[in-house]
Amino acid sequence: MAPQTGSGSPRIGVLLAGDRSYPSFAAFQEGLSALGLVGGRTIEVEARFADGQLERLPALAAELVALHVDVITVIGAVTFWAARQATSDVPIVFTVVLDPVAAGMVADADHPGGNTTGTTNFDPGQARSQIKLLKQVVPGLTRLAILGDAGVPDTLPNLNRAAAEAEGLSAQVLLLRGAEDLEGAFGAFQDAGALLSLEVPRTSTYGERIAALAAAARLPTMFGRDLARYGPLLAYGTSLAAAARRSAGMVDRILKGEKPGDMPVERVSEPELVVNLQVARAIGVTIPQDVLAQADEIVD
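Being a predicted model, the structure only gives us computed values, none of them experimental. (Residues numbered from 1 in each chain as written. Predicted model: local features only at pLDDT ≥ 70, side-chain atom pairs only at ≥ 80, totals over all residues. Heavy atoms only, no water.)

Enquirer: Got a minute to help me understand the sheet that holds strand 6 (residues 143–149) in this structure?
Expert: Adjacent strands of a sheet pair through backbone hydrogen bonds, lying either parallel or antiparallel. With mixed pairing, the seven strands of this open sheet are ordered in space as 7-6-8-9-10-12-13. Edge positions in the open sheet fall to strand 7 (170–176) and strand 13 (297–299), since each of these has one partner strand only. Along the sheet, successive strands turn relative to each other by an average axial angle of 20°, direction set aside. Of the strand pairs in this sheet, strand 9 (residues 221–223) and strand 10 (residues 234–238) are connected by two bridges, and their pairing is parallel. Bridge assignment links Phe223 to a residue of strand 10, and that residue is Ala235. (Pairing = 2+ DSSP bridges. Helix = DSSP H or I, 4+ residues; strand = E, 2+ residues; numbered from the N terminus. Axes fitted to C-alpha atoms, helices over the stretch in contact; angles between N-to-C directions.)

Below you can see the structure in the form of structure tokens.
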């Protein structure tokens, strides 16, 4: 039975490191609506956005707990730790994280325990797939620039550096502390033949600027799937939005009485490739036919 409207409606907290424009936030809301959970009607949604200022997350998480929300959905691992610090009682549903067991978020993916469960779109093979695509598009590629976020753990940069080296490339990793680092980063990337921008809060927040700087430098660039909207040459991976949409079902189950610790972590794997021919023409790159044949979407 759907929750009733009015002051007794379930209250769902949402915590994001980025801003309201993130596709994962819209996808989570879509997932709720598909289950009859509509903000302002059958539920109340309290969303808090750090807008890339990660130091704000603990205070925002504490604010949600003070509002007595029934469950908190966190998008991204850095938001999870802020919520975990704020409460050990309110159910937490995470999404868009790396391996939650290795990160210490849950003890066991099949039996999470405690007040936590969630979804992950982490694919340990994605980095190598992205790099192989870049090698197809940039013949003779030897040096790869990797752009990440200094405010989050270095698991993803290390994984991508290892993937680049496994593909015979020299990897140059630079981690952003803020927008002011971008100009210097592209100055440092002068010798790189391509750029891989990781799916982390700061690169997502500054995605449009990163894509513009890459185009100006005529640097072929790979983003994660959801950041194709910013205009990189290539975008590949499982949509973060797909994982966020799946997490809505877990929130619904918790509101109906299931305990998060008894709900297995769900893995979402739906990789897609987006190729932007407008960018290819602008930077003078020819996309091979075998790459175009793999594309799920072509921007022309």
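On we go.
Enquirer: Please explain the packing of helix 4 (residues 126–137) against helix 5 (residues 155–166) as it appears in this structure.
Expert: Packed helices, taken two at a time, are described by the angle their axes make and the gap between the axes. Taken N-terminus to C-terminus, the directions of helix 4 and helix 5 make an angle of 45°; their axes are 9 Å apart at the nearest point. Between helix 4 and helix 5, the angle falls in the class oblique. Pair helix 4 / helix 5 crosses with right-handed handedness. For the pair formed by helix 4 and helix 5, the contact residues are Ala127, Arg128, Gln130 and Ile131 on the first element and Leu159, Asn160, Ala163, Ala164 and Ala166 on the second. A per-class count over the contact of helix 4 with helix 5 returns six nonpolar, two polar and one charged. (Parallel < 35°, antiparallel > 145°, perpendicular 65-115°, else oblique. Left-handed = near helix turned anticlockwise from the far one by under 90°. Contact = heavy atoms within 4.5 Å. Nonpolar A, V, L, I, M, F, W, Y, C, P; charged D, E, K, R; others polar.)

Enquirer: For this particular structure, what's the right way to read the pairing of strand 8 (residues 194–197)?
Expert: Within a regular strand, side chains alternate between the sheet's two faces. Covered by surrounding structure in strand 8 are Ala194 and Leu196 together with Leu195 and Ser197, the residues of both alternating faces. Sheet analysis places strand 8 next to strand 9, joined by two bridges and oriented parallel. Residue Leu196 lies in a different strand from strand 9, and its bridge partner there is Met222. (Buried < 20%, exposed > 50% of the residue type's maximum accessible area, 1.4 Å probe, protein only.)

Enquirer: Can you help me understand the sheet that holds strand 5 (residues 116–120) in this one?
Expert: Read from one edge of the open sheet, six strands run 2-1-3-4-5-11, paired in parallel fashion. A single partner strand is all that each edge strand has here, and the edge strands are strand 2 (44–49) and strand 11 (266–267). Sheet topology places strand 3 (residues 71–75) next to strand 4 (residues 92–95); four bridges connect them, and they run parallel. Residue pairing across strands places Thr73 opposite Val93, the latter belonging to strand 4. Sheet strands touched by helix 1 (residues 23–34): strand 1 (11–16), strand 2 and strand 3. Its angle to strand 1, the strand with the most contacts, is close to 160°. Of the strands in this sheet, strand 1, strand 3, strand 4 and strand 5 touch helix 3 (residues 77–86), which is tilted by about 150° from strand 3.

Enquirer: Would you explain the pairing of strand 4 in this entry?
Expert: Side-chain alternation along strand 4 places Ile92 and Phe94 on one buried face and Val93 and Thr95 on a second face that is also buried. Regarding the hand of the β-α-β motif, the stretch spanning strand 3, helix 3 and strand 4 is right-handed. Summarising the sheet, strand 4 and strand 5 pair through three bridges and their orientation is parallel. Bridge pairing in strand 5 places Phe94 opposite Gly118. (Right-handed = clockwise from strand over helix to strand, strands pointing away.)

Enquirer: Sorry, what's going on with the packing of aromatic side chains here?
Expert: Think of a pair of aromatic rings as described by two things: how far the centres are apart, and how the planes are tilted against each other in angle. Here the structure, examined in full by the defined rule, presents four aromatic pairs. Consider the rings of Phe25 and Phe49, whose centres lie 5.1 Å apart with planes at 85°: the pair is edge-to-face. Linking Phe25 in helix 1 with Phe49 in strand 2, this pair joins segments that are 24 residues apart in sequence. Just as Phe25 is buried, Phe49 falls in that class too. Between Phe80 and Trp81, the aromatic rings sit 4.9 Å apart at their centres with planes inclined by 75°, giving edge-to-face as the arrangement. (Phe/Tyr/Trp six-rings, centres within 6.5 Å; stacked < 30°, edge-to-face > 60°.)

Enquirer: I would appreciate a short explanation of the pattern of salt bridges in the present structure.
Expert: Side chains that differ in charge, positive against negative, can pair when their charged atoms come close. Under the criterion given, the structure shown has 15 salt bridges. Across the pair Arg245 and Glu30 runs a salt bridge, and its minimum N-O distance is 3.3 Å. Remark: Glu30 occurs in helix 1 and Arg245 occurs in helix 9 (residues 240–255); sequence separation between them is 215 residues. Taking relative accessible area as the criterion, Arg245 reaches 37% and is therefore assigned partly exposed. In this structure, Lys256 and Asp252 form a salt bridge, with 3.1 Å as the shortest nitrogen-oxygen distance. Accessibility expressed as a relative area gives 59% for Lys256, which makes it exposed. Several salt bridges share partner residues, and in doing so they unite Arg246, Arg253, Glu258 and Glu266 into one network. (Salt bridge = Lys/Arg side-chain N within 4 Å of Asp/Glu carboxyl O.)

Enquirer: Can you help me understand the confidence of the model for the protein chain in this one?
Expert: When pLDDT is low, close inspection of the predicted coordinates is not appropriate. Scored by pLDDT, the protein chain has a mean of 93; 98% of the residues are at 70 or more. Low confidence marks residues 1–6, where pLDDT is under 50. Its contacts with residues over four positions away, or in another chain, come to eight contacts. (pLDDT = per-residue confidence, 0-100.)

Enquirer: Explain the nonpolar core here, please?
Expert: Within soluble globular proteins, side chains that are nonpolar generally end up buried alongside one another. Residues Leu144, Leu233, Val275 and Ile287 are the most contacted members of the largest nonpolar core, which totals 55 residues. The element that contributes the greatest number of residues to this core is helix 4, accounting for five residues. Counting residues in each nonpolar core, the second largest holds 24 residues, with Leu32, Val71, Val96 and Met263 among its members. (Core = buried A, V, L, I, M, F, W, Y, C linked by side-chain atoms within 4.5 Å.)

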